[in-house]
Amino acid sequence: MSTSKFHDGYSLADTTDELGKQALKLGLIPSFTVRFFADSREYFIAHDDKSEALTPEEAYLYFKKLVEKAEK
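Note that this is a predicted model, so its numbers are computed, not measured. (Residues numbered from 1 in each chain as written. Predicted model: local features only at pLDDT ≥ 70, side-chain atom pairs only at ≥ 80, totals over all residues. Heavy atoms only, no water.)

A word on the pairing of strand S1 (residues 32-36). Two elements, S1 and strand S2 (residues 41-45), share 5 bridges in a ladder whose sense is antiparallel. Directly across from valine 34, in S2, lies its bridge partner tyrosine 43. Counting the residues between successive antiparallel strands, the hairpin from S1 to S2 contains 4 residues. (Pairing = 2+ DSSP bridges. Helix = DSSP H or I, 4+ residues; strand = E, 2+ residues; numbered from the N terminus.)

Time to look at the side chain of serine 11. By the secondary structure assignment, serine 11 is in helix H1 (residues 9-25). Aside from chain neighbours lying at most four places away, what touches serine 11 is Lys5 and Phe6. (Contact = heavy atoms within 4.5 Å.)

On to the sheet that holds S2, then. Read from one edge to the other, the open sheet built from 3 strands follows the order S1-S2-S3, with strand pairing classed as antiparallel. In the strand order of this sheet, the two ends are held by S1 and strand S3 (53-54), each with one partner. Its contacts with the sheet place H1 against S1 and S2, and it is angled at close to 15 degrees to S2. (Axes fitted to C-alpha atoms, helices over the stretch in contact; angles between N-to-C directions.)

With that out of the way, let us pick up the packing of aromatic side chains. Taken as a whole and judged by the stated rule, the model has 2 aromatic pairs. Residues phenylalanine 32 and phenylalanine 63 carry aromatic rings whose centres are separated by 5.4 Å and whose planes lie at 65 degrees to one another, so their mutual orientation is edge-to-face. With a gap of 31 residues between them, phenylalanine 32 in strand S1 and phenylalanine 63 in helix H2 (residues 56-71) connect regions that are remote in the sequence. Like phenylalanine 32, the residue phenylalanine 63 is buried in the burial classification. (Phe/Tyr/Trp six-rings, centres within 6.5 Å; stacked < 30°, edge-to-face > 60°. Buried < 20%, exposed > 50% of the residue type's maximum accessible area, 1.4 Å probe, protein only.)

Shown next as structure tokens:
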């Protein structure tokens, strides 16, 4: 069982950023954008011609699934 690299909202967002960068390097996504707010972040992942805002939790799960699938 793997251990989490986060323990609060900020470290979750930081971990999500790193997973996003890893997915980008692996060529799994064409791009992603992070919109920073004082107390949160929104993630936009390019999909064809549309992109919808994801919470750090949603983006983390999306990136994690992509990266794990690519590593198999």
